[in-house]
Structure formats: C-alpha cells, structure tokens
Amino acid sequence: MIPAMKKTFRLAAVLLLIPMVLCGCTASRPDDAPASASPALLLGFSQLGAESAWRLGNTRSIQEAAEKAGVALMYLDANQKQAEQIKHIRSFIAYQVDVIAFSPKVETGWDNVLREAKEAGIPVLLTDRMIRTEDESLYAGFIGSDFFQEGVSAGEFLLQKMKGQTDVRIVELSGTIDSTPMCQRGEGFRAALEGHPELQIIQSVSGDFLRTKGRECMKELLETCERIDVLYAHNDAMALGAITAIEETGLQPGKDIVIISVDGEQAAIDALRKGQINCVVECTPMIGDTIMELSKRLAAGEEIPRVTHPQERVFSEFDSDLDSLLPRGY
Ligand code: GYE
C-alpha cells in the first residue's frame, strides 16, 4: 500500500471503530493537490481536560493549527483522569499514528505506556506539562512554558511591590498536585523570595487549577488565617474564584490583599485593569503551531530540541501599556 493510501485506510478504521474527535481531516491527498504534496501526518493528541480558560484556549489552538497545517488530528479529552490518558496513548499505538502528543496531567506514572509507544516506534511529544522519568529516551521533546521562571517572575513582582515592608503574610493557592506547573511555579516563587524573611508563606493549599476550588479554598483561608496580605494563585481561574471569596468578606481584592496570578486569560487582564489583581504572569496556551511543526519534524524522522519554550511576559500594575493590550484570545 502506498503511504497516502495506508493513512487513508488507517483513518477510516479510526473513524469507524472509536469515537474520537477528528479535526483537520486531511490524511488523504485531495484529488487536485500536486502529486508532490507530502502525505498528511496522523497525530494522536490526548488533552488532559477542560479545567480552565487556559486549557480551552490550548485545545482551540491545537485544533486550529492542525487544520492549518494539514495534519489529521485524533483528539481525545481525558476529563482530568490520568488513567484515561494512558488508555488514549494505547489506542493511538493500536491505530499506528505517526506521532503521539499529550499534555500529562501529572508528572509520574507514564513509563510503562511510553515504553509501549517506543517499542511500536512512535515518537512522543510532551506538550504543556512534563513527566518525571529515569529513561529520557521515552519522549522526543517537550514544548511548553518555563514554569520555574513564571514562579520567579511572580516572586520578583512581590519583592518590588512590598519593598520596605515587614511581616508580609502570603497564602498560596497551588495547582494540581504533582503537575509540573504546580511544582515549578511553587519552586520558582520560593527561590525568588529566598533571603527575604519578611515575606512569609503562611499557608499553601491546592485548588486544583479550578475556579470553584479557588473560591472555596480562599474562603476557608480567610476564615482561618489571622491576616492575609498577599495571595499567590498558580492560575487565573483560582485567582478569579478567590476574588469572589475576598469580596464576600467585604475586603477589596488588589488593595487589602495583593493578588498575583499566572496565565493571562482575558478575564484576569480585565481584573488587572480594574485593580482587582496586581500582577499576572503570562503563560501562553497558543502553542498549536509549534506542536504541528515539531510533529512534522518527528514524523520525518528528524531530531527536535529537547525543550522548546514560548516567549512570555509579565503584566502588572506597574505597566503603562495595559490599555493598549490586544485581546488575549483565551
Ligand atoms: O496554568 C492552568 C491550566 O498546565 C500551564 O493548566 C497549564 C496550566 C494552566 O489548568 O490554567
């Protein structure tokens, strides 16, 4: 079977046998395409869920990029379950996709299934989040943000904001336990605050990157902590939930409690403009184009960089360009 036919056949099997969402279905060459057009790439992608505006923006970016790049995308959503993601990867192996990409919910527990992918000769691209493994050959590369730097940037803003103050009490709403952004945003923040005993993290709780949990956890923190000066939330969704809880107690978010958040979704930038948030560290979900580019290189048997980070910035109350920012798109 010629490669284009093989792919068409495989794609038809996929369509018949499993309920997957297929986007940019260009696995077979259109009749009027030049004969030299390279056969389309079949990419299996396992998304971890739909927990935040960041994640929805990321999914959209991947689906649109696949369409634009002529990549046949087998997209599956794991609804926040690692076991589902493992099943997805196994089905991608069974259908012999060209490349497997996935956004691992947590860092550990992937070795067995990735060994199966390796034995099947299918390259794996980690997107958004990392894994922890002793066998680095289990994945070809990682494309996603520098979460440690995001934590450092959050800490650096706070140092500037709290200059000269003593006894600053910080609470942290962390993300999903054992996920890369949770671990590294926490570590980077602490690294930036090192040598500053006047800035104390008095409580750290996980709000699982969810708005509802951000609200609940903040409510409890406000009830149990003697005084809170600063909230560091590992994502905008939790910060926005926490803002509601702060307002419910009659306090003013951004004034009575300094708020630092990560992601840069539109609602958080709007809250920053209104003075309800003081700093938003950007983490862009718009990595679809780069995922397609790296997947194509992998399918062609090329090496890719071990790590690719997108360009990101910090938005804060110290900036003069907040009114002229373009719509965020997520
Ligand atoms: O910050 C958060 C999402 O992994 C970078 O996951 C991503 C994080 C993002 O739920 O909003």
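The notes below deal with the structure included here. None of the values given here were measured: they were computed from a predicted structure. In this convention, every chain numbers its residues from 1, walking through the sequence in written order. Only residues with pLDDT of at least 70 get local features here, since the model is predicted, and only at 80 or more are side-chain atom pairs given and counted; chain-wide, interface and lining totals rely on the full set of residues. Heavy atoms throughout the structure, all of them, feed into the side-chain values; hydrogens and water do not.

1. Description of the overall build of the protein chain
Scanning the protein chain from terminus to terminus reveals 10 helices and 13 strands. Partly exposed residues are those whose accessible area sits between 20% and 50% of the maximum for their type, while under 20% is buried and over 50% is exposed, using a 1.4 Å probe and protein chains only. Residues counted as buried form 53% of the 330 residues belonging to the protein chain. Of the contacts formed within the protein chain by residues at least 6 apart in sequence, a portion of 73% connects residues at least 24 apart. Accessible area for the protein chain stands at about 14,700 Å²; split by element, carbon and sulfur atoms hold 51% of it. Numbering of helices and strands runs from the N terminus, with a helix taken as a DSSP run of H or I at least four residues long and a strand as a DSSP run of E at least two residues long. Any two residues whose heavy atoms approach within 4.5 Å at even a single point are treated as in contact. Surface exposure here means Shrake-Rupley accessible area, sampled with a 1.4 Å probe, where a residue is shielded only by the protein chains that are shown.

2. A closer look at helix H9 (residues 266-273)
Turning to H9, its buried residues number three or more, namely Ala268, Ile269, Ala271 and Leu272. Burial along H9 is one-sided: seen end-on, the buried residues are contained in an arc of 160°. Contacts made by the buried residues of H9 are with helix H8 (236-248), strand S11 (279-282) and strand S13 (314-316). At the exit of H9 stands glycine 275, carrying a positive phi of roughly 85°. Arc definition: directions from the helix axis to the C-beta atoms.

3. Notes on the pairing of S11
Burial along S11 is two-sided: the residues Cys279 and Val281 and Val280 and Glu282 are all buried. Relative to S11, strand S10 (residues 258-263) runs parallel, the two sharing 4 bridges. The partner of valine 262 across the bridge, within S11, is valine 281. Consider the strands pointing away from the viewer: the crossover is right-handed when the path from the first strand over the helix to the second runs clockwise. In the classification by handedness, the crossover that spans S10, the intervening H9 and the parallel S11 is right-handed. The pairing of S11 with S13 spans 3 bridges and is classified as antiparallel. Each residue of the ladder has a partner; that of valine 281, found in S13, is valine 314. Whether two strands pair comes down to DSSP finding at least two bridges between them.

4. A short note on the packing of helix H2 (residues 53-69) against helix H10 (residues 288-299)
Between the N-to-C directions of two axes lies an angle of 0 to 180 degrees, each axis being a line fitted to C-alpha atoms and, for a helix, fitted only over the stretch in contact. In contact at an axis separation of 7 Å, H2 and H10 are set at 50° when each is read in the N-to-C sense. In this view, H2 runs oblique relative to H10, as classed from their interaxial angle. Two packed elements cross with a definite hand, and for H2 against H10 that hand is right-handed. On the side of H2, the interface is formed by Ser61, Ile62, Ala65, Ala66, Lys68 and Ala69, while H10 contributes Gly288, Asp289, Ile291, Met292 and Lys296. For this classification, under 35 degrees means roughly parallel, over 145 means roughly antiparallel, 65 to 115 means roughly perpendicular, and everything else is oblique. A crossing counts as left-handed when the near helix is turned anticlockwise from the far one by less than a right angle, and as right-handed when that turn is clockwise.

5. Things to note about the environment of threonine 224
Checked against the element boundaries, threonine 224 lands in helix H7 (residues 211-224). In this structure the side chain of threonine 224 is engaged in a polar contact, spanning 2.8 Å, whose partner is the backbone oxygen of glutamate 220. Any N or O atom pair separated by 3.5 Å or less is treated as a polar contact, with the protein-specific requirement of one donor-capable and one acceptor-capable atom, and with residues adjacent in sequence counted only for side-chain atom pairs.

6. A look at the site of the ligand
For each residue, the test is whether any non-hydrogen atom lies within 4 Å of the molecule or strand; if one does, the residue is near. Residues in contact with the ligand amount to 13 residues; listed here are only the nearest, Glu51, Asp128, Arg129, Asn235 and Asp263. Within the side chain of serine 52, one N or O atom sits 3.1 Å away from an oxygen atom of the ligand. Contact with the protein chains removes 100% of the 300 Å² of surface that the ligand exposes when unbound. Taken together, the elements giving at least two residues each to the shell around the ligand come down to H2 and helix H6 (180-193). Residue classes in the shell around the ligand are distributed as 5 nonpolar, 2 polar and 6 charged. Three classes are used, and their members are as follows: Ala, Val, Leu, Ile, Met, Phe, Trp, Tyr, Cys and Pro are nonpolar, Asp, Glu, Lys and Arg are charged, and the others, Gly among them, are polar.

7. Details of unusual backbone geometry
Backbone geometry at glutamine 80 places phi at a positive 70°, although glycine is not the residue there. Take glutamine 80: it is sitting in the loop between strand S3 (71-77) and helix H3 (82-94). Classification of glutamine 80 as partly exposed rests on a relative accessible area of 25%. Even without being glycine, aspartate 178 reaches a positive phi, approximately 75°. Relative to the helices and strands, aspartate 178 is located in the loop between strand S7 (168-174) and H6.

8. Remarks on the sheet that holds strand S9 (residues 230-233)
Across the sheet, 6 strands lie side by side as S8-S7-S9-S10-S11-S13; this open sheet has mixed pairing. Two strands close off the open sheet at either side, each with one partner strand: strand S8 (199-206) and S13. Adjacent strand axes in the sheet meet at a mean angle of 15°, parallel and antiparallel pairs treated alike. Bridge count between S7 and S9: 4 bridges; the pairing is parallel. Note that in S9 the partner of isoleucine 170 across the bridge is valine 230. Each of S7, S8, S9, S10, S11 and S13 touches helix H5 (residues 147-161); the most contacted strand, S10, lies at about 160° to it.

9. Thoughts on the side chain of glutamine 85
The residue glutamine 85 is located in helix H3 in this model. For glutamine 85, a relative accessible area of 0% gives the class buried. Looking at glutamine 85, its side chain comes within polar contact range of the main-chain oxygen of serine 103, at 2.9 Å. A polar side-chain atom of glutamine 85 sits 3.1 Å from the main-chain amide nitrogen of lysine 105. If sequence neighbours within four positions are ignored, glutamine 85 has contacts with Ser46, Gln47, Leu48, Ala78, Phe102, Ser103, Pro104, Lys105 and Trp110.

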